[in-house]
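Structure assessment
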Amino acid sequence: MLKTRIIQNEPTGAGRSPSIIEVDGLSKDYGSVRAVDRLSFSVSAGTITGFLGANGSGKTTTLRALLGLVAPTEGNCRIDGRRYRDLRRPLSTVGSMLEATTHPARTARNHLAMLAAEAGASRSRVGSLLELVELDAAADRRVGGFSLGMRQRLGLAGALMGDPAVLVLDEPANGLDPEGIRWLREFLRGLAAEGRTILLSSHVLAEVAQTVDDVVVIKAGRLVTQAPLDTLLAAHASHQVRVRTAQPDVLVTALAAAGFTGIAGPDGAVVVTGCPPEQIGRLALEHGLVLSEITDETPSLEDTFLALTTQSEEIR
Amino acid sequence: MITLIHSQVLGLRTLRSTYGVLLGAVAAVLVMVLADLGTNLGVAYVEPVEVREPVMITVGVIVTIIVCLYAASGVAGDYRYGTITQRLLAAPRRSRLLMASLATYTAFAIVVGAAAMGLALAIAQPLVAAEDLTLGLTPVIVVSAIATVPLFAIVGVSIGTICRSQAAAVLVIVGWFPAERLLGLALGDWVAYLPYGLINQLLGLDGATLGRGTAVLCLSGYAAVSALLAAAVLARRDVS
């Protein structure tokens, strides 16, 4: 059995747990290119936070700065109140999964055995973790022959080696098939239920929408928004419905009387904002209108994400 | 530090290339010592300094370079395969990681050097005795030959850390041979103070002009300076 460490979440203020990850005014320049620009956000203890942005928006650089792999040009990052390099037992405090960090000629078991030695964990934990990520059957195969999904699972096992309370995962769903994404979602939810704090990056909101509690969205290295996912979606998901009827003026008037806005276009269609299609149908019925078209044009999750993250300027 | 060294030892033990190096060292000893002594013993090699030359060159030069290349490509391989990320996550104070690498490869080099010397002597001694000749070995001579292996392993780790690329590291180590020869044209006798020149001095080969103590001190200096340089580079480097 894996031992787990539970962070005691003590709600503060508006019911939020204290921040365990803090990024404060982080900037990182690579020569003349600014990859991260005065970025500040925090992650509450015991939550799963999605760190979202398009490719090249500075997510990986931020995570690497958080983990002490990249030196910030300005600002600082702290985990549990300390810089990563000042953590007494880093692998037991923060588990991380970044891009490929395994030697292809080494077996999964040997790779984890090395990590166990570094984390001061027992060899028995290697077997437990291989079982947990469902790689026990492939434990003695060389990692070079692993599929991307298997490597991701091995990476997750490695991140958990020190039984950390905080996990930092860079694009853990990258390259996974739908079944793999479902497995990952359930796996992360299980970890969160144990009280761990998880910060995971992604460039696809839909991949993580069913997993995360909060989101931090960045664009061109700058913070766009940080909010609970529900709040973000509600703010960007106003209903927009296209309706076609022989009497658009009557429909517009009826909508206005009900407190909604309908704008009749030159093609005869009425674009209604903020009113669900079912309610439009009821209003049409009440006023004896025949509808020839009713199309929900509400922005999808991806539309919302794209609107937030589409690059106005290319970083790389 | 112990955990880092333990991890690095596990890393060496779990790669086939480590055993390839060991086999390469054994093959080098067998071929070099047998071939050279078989041809020249009692003919060109009569004096002890001549008789032991194949043993000293095999251990002090061939095995030393094999281990130096292995250390350099092993450390640079961490960058090639991205495993440096995991190592630095485990050792955010980077000097500790470098110290662990130096300790691990130094220990490995001592083991390989001592084993190569043991094997070389096991082959050479009966051949030499059969010709009624002597190797004229003293503990100082034996230790000097073995000592070149770890000293160059330190240089290898440092070059691998600085270069980050296995190909570049190998190029530096192998390319330094002709480079040192060219420098010798300008430096004259001072070439004896350059790294490969110091091997001749440390092994007491024909034409050695420096004492073994001076040679080991100079080589230790090169090893220390290269390690300090590697530490400075590693401390400042972004791993992205």
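Here the structure is a predicted model, which is why all the values come from computation and not from measurement.

Another point: the overall build of chain A. Each helix and strand in chain A was counted, giving 11 helices and 13 strands. Burial status across chain A gives 49% buried among its 316 residues. A fraction of 70% describes how many contacts in chain A between residues 6 or more apart in sequence connect residues 24 or more apart. A total of about 14100 Å² of accessible surface is found on chain A, and carbon and sulfur atoms cover 50% of it.

Moving on: the interface of chain A and chain B. If you look at the interface, chain A gives 30 residues, while chain B gives 25 residues. Of the roughly 2500 Å² buried between chain A and chain B on both sides combined, carbon and sulfur atoms contribute 56%. The three residues of chain A that bury the most area against chain B are Leu-69, Arg-85 and Glu-118 of chain A, which together make up 23% of that side's buried surface. One salt bridge connects Lys-28 of chain A with Asp-238 of chain B, and the closest N-O pair in it is separated by 2.6 Å. Elements that contribute at least two residues to the side of chain A that touches chain B include exactly strand 1 (19-30), helix 2 (90-93) and helix 3 (108-119) of chain A. With 6 residues, the top contributor of residues to the side of chain A that touches chain B is helix 3 of chain A. Counted by class, the side of chain A that touches chain B contains 16 nonpolar, 6 polar and 8 charged residues.

All names here are of chain A. Ordered by their spatial adjacency, 3 strands build an open sheet running 2-1-4, and the pairing between neighbours is antiparallel. Here the strands that pair on one side only, and so sit at the sheet edges, are strand 2 (33-44) and strand 4 (74-79). Averaged over all pairs of adjacent strands, the angle between strand axes in this sheet comes to 15°, irrespective of strand direction. Sheet analysis places strand 1 next to strand 2, joined by 8 bridges and oriented antiparallel.

Time to look at the sheet that holds strand 11 (residues 261-264) of chain A. Residue and element names in this part refer to chain A. In space, the 4 strands of this open sheet follow the order 11-12-10-13, with antiparallel pairing throughout. Two strands bound the open sheet, and with one partner strand each, they are strand 11 and strand 13 (291-296). Neighbour to neighbour, the strand axes of the sheet diverge by 20° on average, direction disregarded. In this structure, strand 10 (residues 240-245) lies alongside strand 12 (residues 269-273), joined through 5 bridges in antiparallel fashion.

Let's shift gears to the domain arrangement of chain A. Splitting chain A by domain gives domain 1 (19-227) and domain 2 (238-298). The straight-line distance from the C-alpha centre of domain 1 of chain A to that of domain 2 of chain A is 47 Å.

Moving on to the side chain of Asp-37 of chain A. Residues and elements named next belong to chain A. Positionally, Asp-37 belongs in strand 2. Polar contacts involving the side chain of Asp-37 include one to the side chain of Arg-34, which spans 3.1 Å. When near neighbours in sequence (up to four residues on either side) are disregarded, Asp-37 contacts Leu-26, Ser-27, Gly-221 and Arg-222.

As a further point, take helix 6 (residues 94-130) of chain B. All names here are of chain B. Counted at 1.5 Å a residue, the expected span for helix 6 with its 37 residues is 54 Å, and the 54 Å between its end C-alpha atoms agrees. Its axis deflected by about 25° at Ala-124, helix 6 carries its strongest bend there, up to four residues before the proline Pro-126. Positioned one or two residues after helix 6, Asp-132 has a phi angle of 60°, which is positive.

What follows deals with a nonpolar patch on the surface. Residues and elements named next belong to chain B. A cluster of nonpolar residues, Trp-176, Leu-183, Leu-187, Trp-190, Tyr-193 and Tyr-222, forms a patch on the protein surface that exposes about 560 Å² of accessible area. Looking at the nonpolar patch element by element, the count peaks at 3 residues for helix 8 (residues 166-187). Take Trp-176: it is sitting in helix 8. Residue classification places Trp-176 among the partly exposed residues on the basis of a relative accessible area of 31%.

With that settled, the discussion passes to unusual backbone geometry. You will see that Arg-38 of chain A, though not glycine, has its phi angle at about 45°, which is positive. Locating Arg-38 of chain A in the fold gives a position in strand 2. Not every positive phi belongs to a glycine, and Arg-164 of chain B is a case in point at roughly 70°. Counting through the fold element by element, Arg-164 of chain B comes out in the loop between helix 7 (139-163) and helix 8. For Arg-164 of chain B, a relative accessible area of 39% translates into the label partly exposed.

Quick look at the pattern of salt bridges now. All names here are of chain A. Within this structure, the stated rule accounts for 17 salt bridges over all chains. Here Arg-189 makes a salt bridge to Asp-213, at a shortest N to O gap of 3.3 Å. Highlighted residues: Arg-189 in helix 6 (residues 178-193) and Asp-213 in the loop between helix 7 (205-208) and strand 8 (214-219), separated in sequence by 24 residues. Judged by its relative accessible area of 32%, Arg-189 is partly exposed. A single salt-bridge network, built from bridges that share partners, covers Asp-29, Arg-34, Asp-37, Arg-38, Glu-74 and Arg-222.

The next point concerns the packing of helix 3 of chain A against helix 5 (residues 83-90) of chain B. Taken N-terminus to C-terminus, the directions of helix 3 of chain A and helix 5 of chain B make an angle of 20°; their axes are 10 Å apart at the nearest point. The angle between helix 3 of chain A and helix 5 of chain B falls in the class roughly parallel. Helix-helix and strand crossings are classified by hand; for helix 3 of chain A and helix 5 of chain B the assignment is right-handed. Here Met-114, Leu-115 and Glu-118 of chain A of helix 3 of chain A lie close against helix 5 of chain B, whose contacting residues are Gln-86, Arg-87 and Ala-90 of chain B.

Analysis parameters
- Residues numbered from 1 in each chain as written.
- Chains lettered and ligands numbered in written order.
- Predicted model: local features only at pLDDT ≥ 70, side-chain atom pairs only at ≥ 80, totals over all residues.
- Heavy atoms only, no water.
- Helix = DSSP H or I, 4+ residues; strand = E, 2+ residues; numbered from the N terminus.
- Buried < 20%, exposed > 50% of the residue type's maximum accessible area, 1.4 Å probe, protein only.
- Contact = heavy atoms within 4.5 Å.
- Areas by Shrake-Rupley, 256 points an atom, 1.4 Å probe, with all protein chains shown as cover.
- Buried area = accessible area lost by both parts, 1.4 Å probe.
- Salt bridge = Lys/Arg side-chain N within 4 Å of Asp/Glu carboxyl O.
- Nonpolar A, V, L, I, M, F, W, Y, C, P; charged D, E, K, R; others polar.
- Pairing = 2+ DSSP bridges.
- Axes fitted to C-alpha atoms, helices over the stretch in contact; angles between N-to-C directions.
- Domains from an automatic or database assignment.
- Polar contact = N/O pair within 3.5 Å; in protein donor to acceptor, adjacent residues only side chain to side chain.
- Expected span 1.5 Å × (residues − 1).
- Bend = angle between axes of the 7 residues up to and from the residue.
- Patch = residues over 30% accessible without salt bridge, like charges linked within 9 Å, V, L, I, M, F, W, Y side chains within 5 Å.
- Parallel < 35°, antiparallel > 145°, perpendicular 65-115°, else oblique.
- Left-handed = near helix turned anticlockwise from the far one by under 90°.

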